[in-house]
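Observations on chain architecture
Spelled out from the first residue to the last, the chains are:
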Amino acid sequence: MYNISKISRSFSTKKDFFRVVEVGARDGLQAEKNFVATDIKVELINRLSKCGFKAVEVTSFVSPKWVPQMADHNEVVRQIERHDGVNYPVLVPNLPGLKNALATGVIDEIAVFGAASDAFSKKNVNATVDESLKKLLDVTSLALENNIKVRGYVSCVVGCPYEGATKPEVVAKVAEKLLEAGCYEVSLGDTIGVGTVNSVSRMLNTVLKSVPADKLAVHFHDTYGQALANVLVSVEKGIRAADSSLSGLGGCPYAKGATGNLATEDLLYFLEGYGFNTGINLDNVISTALWFNEATGRTKMSRVGAAISAKRA
Ligand SMILES: CC(C)(COP(=O)([O-])OP(=O)([O-])OC[C@H]1O[C@@H](n2cnc3c(N)ncnc32)[C@H](O)[C@@H]1OP(=O)([O-])[O-])[C@@H](O)C(=O)NCCC(=O)NCCSC(=O)C[C@@](C)(O)CC(=O)[O-]
């Protein structure tokens, strides 16, 4: 069982840095059926850039037949403002995607993605886990030759929508392969948000046997409302990076029923409460969420965003 008393003993007062990667413009929007206009995506990224994030994931160079929402990747990466100290990773599944990204001349970082489940991998990239890892080697080497940083993702680290529970050993193996391929960090994705403190703890204990905590980030979808609890478990195990999306936007087109990522606003409130320095201005993030809702006619807000904007009103 996960030891809660261990958590309270180790609450810290020192302001350690915790890196939050904002993935709303990519992971948050990729499953949206209605196309979000390019100028709204660009403005969203520009506003996020001013909030203090060190990384704002902006789009995917995937096939527009597979993910139509990301079809405007060329325009998005060319039109956004780039701020010093902020990286703008783009998701890349294969060599054609990388070549298209490189041709824009503005890419500073890519994210490659593998999975810990063959069934999900086949649905997501039309290749098994091993096949996709082999293909990724060409992508990572060409990116590194071009001085482009490479981040890796592993999907389905706790459970798969097609295969059920994931074996932690498989997650560890895929994470190791991504690091060997040249990724500077691997983000562990609970794609369908089924993880609990026990299953996430078991998975991390296994992965941490072969991958150091400073090479890991966590990426929790909040389908079952467990994402923040799972971040706490990850923090306690020494992980100091997490992905989240504005207002908890998102889902995965190849994982039915998966809701968005952990909301950035909720994550920031949690991290500040824990005593971390994120360098991110929560108020500006909430204003960005309100602007995005107005621009797109949405109403979805994070819990923290709803609470703080109600107080503002
Ligand atoms: C990987 C492929 C392309 C293979 O798809 P495929 O059909 O096997 O590829 P193909 O090589 O046979 O090519 C088919 C067509 O796509 C074109 N094509 C081929 N590659 C590209 C490309 N890069 N950009 C643009 N076009 C491309 C290619 O030129 C061809 O065009 P056609 O001849 O039919 O006109 C496809 O499966 C794909 O795009 N998959 C992406 C799926 C995706 O984006 N999923 C969501 C992201 S992963 C995620 O969200 C999880 C994560 C990261 O957030 C972490 C977590 O939460 O777990």
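Residues numbered from 1 in each chain as written. Predicted model: local features only at pLDDT ≥ 70, side-chain atom pairs only at ≥ 80, totals over all residues. Heavy atoms only, no water.

You'll find the chain entered in an unreviewed UniProt entry as hydroxymethylglutaryl-CoA lyase, with Caenorhabditis angaria given as the organism. Its UniProt record gives the chain the following Pathway (unreviewed entry) comment, quoted word for word: "Metabolic intermediate metabolism; (S)-3-hydroxy-3-methylglutaryl-CoA degradation; acetoacetate from (S)-3-hydroxy-3-methylglutaryl-CoA: step 1/1." (UniProt positions renumbered as here; feature names shortened; annotations may be inferred.)

A word on the sheet that holds strand 9 (residues 185-190). In spatial order, the strands read 2-1-11-10-9-6-5-4-3; together these 9 strands make up an open sheet with parallel pairing. One side of each edge strand has no neighbouring strand; the edge strands of this open sheet are strand 2 (55-56) and strand 3 (59-60). Direction of pairing for strand 10 (residues 216-220) relative to strand 11 (residues 241-244): parallel, over a ladder of 2 bridges. Bridged to H219 within strand 11 is D243. Of the strands in this sheet, strand 1 (19-22) and strand 11 touch helix 11 (residues 264-274), which is tilted by about 175° from strand 1. (Pairing = 2+ DSSP bridges. Helix = DSSP H or I, 4+ residues; strand = E, 2+ residues; numbered from the N terminus. Contact = heavy atoms within 4.5 Å. Axes fitted to C-alpha atoms, helices over the stretch in contact; angles between N-to-C directions.)

In this structure, the largest pocket spans a volume of roughly 590 Å³. V62, P93, F113, N124 and V125 are the residues nearest the centre of the largest pocket, which is lined by 34 residues in total. When residues of the lining of the largest pocket are traced back to their parent elements, those giving at least two are helix 2 (24-28), helix 5 (95-103), helix 6 (118-125), helix 7 (129-145) and strand 6 (149-155). A per-class count over the lining of the largest pocket returns 17 nonpolar, 14 polar and 3 charged. The wall of the second largest pocket is formed by 15 residues, among which D222, L262, A263, D266 and R303 lie closest to the centre. Counted by class, the lining of the second largest pocket contains 4 nonpolar, 7 polar and 4 charged residues. (1 Å grid on protein atoms, 1.4 Å probe; cavity = no way out; pocket = protein on both sides within 12 Å on 5 of 7 lines; lining within 4 Å. Points joined across faces, edges and corners; volume = space filled by probe spheres on them. Nonpolar A, V, L, I, M, F, W, Y, C, P; charged D, E, K, R; others polar.)

What follows deals with empty space enclosed by the protein. If a probe as big as a water molecule is rolled over the atoms, it shows which places are left empty. A full pass over the atoms with the stated rule returns 1 cavity of 30 Å³ or more. By volume, the largest cavity is sized at about 30 Å³. Every residue along the wall of the largest cavity is listed here: F113, G114, A115, F120, S121, N124, V125 and S132. Counting only elements with at least two residues in the lining of the largest cavity, the list comes to strand 5 (109-115) and helix 6. In terms of residue count, the dominant contributor to the lining of the largest cavity is helix 6 (4 residues). Considered class by class, the residues forming the lining of the largest cavity number 4 nonpolar, 4 polar and no charged.

What follows deals with helix 11. With 8 of 11 residues buried, helix 11 is to be regarded as a mostly interior element. Next to the buried residues of helix 11 lie strand 1, helix 10 (227-236), strand 11, helix 12 (282-296) and helix 13 (303-312). (Buried < 20%, exposed > 50% of the residue type's maximum accessible area, 1.4 Å probe, protein only.)

Before going further, it helps to spend a moment on the site of the ligand. Taken together, 24 residues lie near the ligand, and Q30, N124, N126, S155 and T191 sit nearest. Between the ligand and W66, the relevant distance is 3.4 Å, taken from an oxygen atom to a side-chain nitrogen or oxygen of the residue. The cavity where the ligand resides is the largest pocket. Taken together, the residues of the shell around the ligand sort by class into 11 nonpolar, 10 polar and 3 charged. (Near = heavy atom within 4 Å. Polar contact = N/O pair within 3.5 Å; in protein donor to acceptor, adjacent residues only side chain to side chain. Sits in = over half its atoms within 2 Å of the grid points.)

The subject of this paragraph is the nonpolar core. Ranked by internal contacts, the top residues of the largest apolar core, which has 91 residues, are V58, V90, I110, V154, L178 and L188. For L188, the contacting residues outside a window of four places in its chain are V154, V157, V171, M203, L204, V207, L216, A217, V218 and H219. Grouped together as the second largest cluster of nonpolar side chains are 8 residues, A115, F120, I192 and Y254 included. (Core = buried A, V, L, I, M, F, W, Y, C linked by side-chain atoms within 4.5 Å.)

This part takes up the pairing of strand 9. Most of strand 9 sits out of view: 6 of its 6 residues are buried. Alternating residues of strand 9 divide into E185, S187 and G189 and V186, L188 and D190, and every residue in both groups is buried. The pairing of strand 6 with strand 9 spans 4 bridges and is classified as parallel. Bridge pairing in strand 9 places R151 opposite E185. Sheet analysis places strand 9 next to strand 10, joined by 5 bridges and oriented parallel. What sits directly across from L188, in strand 10, is V218. Note that the unit made of strand 9, helix 9 (residues 197-210) and strand 10 has a crossover that is right-handed. (Right-handed = clockwise from strand over helix to strand, strands pointing away.)

Note that an α-helix has 3.6 residues per turn; residues three or four places apart therefore point the same way. Between its first and last C-alpha, helix 8 (residues 168-180) extends 18 Å over 13 residues, near the 18 Å set by a 1.5 Å rise per residue. Within helix 8 the residues assigned to the buried category are P168, V171, A172, V174, A175 and L178. Taken around the axis of helix 8, the buried residues stretch over an arc of 170°, which confines them to a single face. Here the buried face of helix 8 lies against strand 5, helix 7, strand 6, strand 9 and helix 9. Residue G182 follows helix 8 closely and has a positive phi angle near 115°. (Expected span 1.5 Å × (residues − 1). Arc of directions from axis to C-beta.)

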